[in-house]
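# Per-entry structural report
Each chain, letter by letter, is given below.
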Amino acid sequence: MAIQTETGRSTGRKRKAKEEALKAPAPRIQSLGRGFSVLFLIAKSEIGLMASEIIKETKLNRQTVYHILQSLGAVGVVVRNHNSQRYVLGLKVAGLIEAFKRHLAPPERLAPLVREIANRTGETAYAVGWAEGEIVVISAMRGSATVTAVDVPPGYFGNAHARASGKLLLALSSADTRKVYFETRKLKALTPQTITDLAVLEKHFAQIRKQGYALEKEEFVQGLSCIAVPVGDADSGFAIAVSAPSHRVEERLKLYLQAMREVAMRGDE
């Protein structure tokens, strides 16, 4: 018969506590959770939502949905457009957006690096990093070239599998981190070049680790390619990327990589 020692019981309790901490907690106040669900649903819509659409999507009863909308309206985060009768985000959300940008601001050392890379290459540059389990654009600067990449705003975190910076940070993360990340995300084909097969992506990640940088060729946007290198140490959790028309990336890849690596290595200073 096995005898569980005090040390064994303590280890078991710690393991159980850690497992519980990793679980996403349910809202303590049900109405608060429902309110945020409705708010996020409206935020994801293109032109706002009718009350009937919210009822259908949330599967909540009519009275509950109207109570939530009235409560959100009372604090100014949701308003109803009197012409379309659609519920849209209210002006109070602007304060949340600005606060989000402040809280998401990268370490002070990154902004000058992004600026220098944009100035040296003439291309649009980004700083990207892990935040709350997502790979998020946290700083960006448009280049001086006549034709530059499309703007990806700070706070954007979608489709990391199709972005050079996302691929780089995923490649440098642990296998367990990648497994958890892809379990809850669909590999969407944004262009004909987007890799949507996880096994193929894993081979791509192995190549990225070997070469020390990521190169994405028209997987995110047709006509554009992107290069990404880690900031400082490979385990920093941050990357700097340059996005440009594909023909310029192909012609100047070595020059861009040299400039990016020189600047990015100073992230440890």
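Scoring rules and cut-offs
Residues numbered from 1 in each chain as written. Predicted model: local features only at pLDDT ≥ 70, side-chain atom pairs only at ≥ 80, totals over all residues. Heavy atoms only, no water. Helix = DSSP H or I, 4+ residues; strand = E, 2+ residues; numbered from the N terminus. Buried < 20%, exposed > 50% of the residue type's maximum accessible area, 1.4 Å probe, protein only. Pairing = 2+ DSSP bridges. Axes fitted to C-alpha atoms, helices over the stretch in contact; angles between N-to-C directions. Left-handed = near helix turned anticlockwise from the far one by under 90°. Contact = heavy atoms within 4.5 Å. Nonpolar A, V, L, I, M, F, W, Y, C, P; charged D, E, K, R; others polar. Expected span 1.5 Å × (residues − 1). Arc of directions from axis to C-beta. Polar contact = N/O pair within 3.5 Å; in protein donor to acceptor, adjacent residues only side chain to side chain. Salt bridge = Lys/Arg side-chain N within 4 Å of Asp/Glu carboxyl O.

Now for unusual backbone geometry. With a phi close to 65°, Lys59 is a non-glycine residue in the positive phi region. Tracing the backbone shows Lys59 in the loop between helix 3 (51-58) and helix 4 (62-74). Here Lys59 falls in the exposed class, since its relative accessible area comes to 72%. Its identity as a non-glycine residue notwithstanding, Asn159 has a phi of 55°, on the positive side. Relative to the elements of secondary structure, Asn159 occurs in the loop between strand 4 (134-141) and helix 7 (164-172).

Let's shift gears to the sheet that holds strand 6 (residues 224-230). Within a sheet, neighbouring strands are paired by backbone hydrogen bonds and run either parallel or antiparallel to one another. Here 5 strands make up an open sheet; going across it, the order is 4-3-7-6-5 and the pairing antiparallel. Of all strands in the sheet, those with a lone pairing partner are strand 4 and strand 5 (214-217), marking the two edges. Strand-to-strand twist in this sheet, taken as the mean axis angle between neighbours without regard to direction, amounts to 25°. Sheet topology places strand 3 (residues 124-131) next to strand 7 (residues 238-245); 6 bridges connect them, and they run antiparallel. Counterpart to Val128 in the pairing with strand 7 is Ala239.

Turning our eyes to something else, we now look at the packing of helix 3 against helix 4. For the pair helix 3 and helix 4, the least separation of the axes is 10 Å and the interaxial angle reads 120°. The chirality of how helix 3 crosses helix 4 is right-handed. The segment helix 3 lies against helix 4, with Ala51, Ile54, Ile55 and Thr58 engaging Arg62, Val65, Tyr66 and Leu69. Looking at the contact of helix 3 with helix 4 residue by residue, the classes come out as 6 nonpolar, 1 polar and 1 charged.

On to the pairing of strand 3. Buried residues dominate strand 3, accounting for 6 of its 8 residues. Bridge count between strand 3 and strand 4: 7 bridges; the pairing is antiparallel. Residue pairing in the sheet places Ala125 in a bridge with Met141 of strand 4. In this antiparallel pair of consecutive strands, strand 3 and strand 4, the connection spans 2 residues, and Glu132 shows a positive phi of 55°.

Attention shifts here to helix 9 (residues 198-211). For helix 9, built from 14 residues, the straight-helix expectation of 20 Å at 1.5 Å per residue is met to within 8% by its first-to-last C-alpha distance of 20 Å. Along helix 9, the positions that sit buried rather than exposed are Leu201, Phe205 and Ile208. Along the axis of helix 9, the buried positions cluster into a sector of 60°, meaning they face one direction only. Seen from the open side of helix 9, the exposed residues pointing more than 90 degrees away from its buried face are Lys203 and Lys210. On its buried face, helix 9 is in contact with helix 7, helix 8 (175-183) and strand 5. By the N-cap criterion, in which a side-chain oxygen at the helix start approaches the backbone nitrogen of a residue two or three places on, helix 9 is capped by Asp197, the distance to Ala199 being 2.8 Å. Just past helix 9, the residue Gly212 takes up positive phi, approximately 85°.

It is worth spelling out the pattern of salt bridges at this point. This structure, assessed with the given rule, holds 8 salt bridges. Ionic pairing is found between Glu116 and Arg120, a salt bridge with its closest N-O pair at 3.7 Å. One end of the pair, Glu116, and the other, Arg120, are both in helix 6 (residues 110-121), 4 residues apart, so they sit about a helical turn from each other. Ionic contacts of the salt-bridge type, sharing partners, join the residues Glu116, Arg120 and Glu262 into one network.

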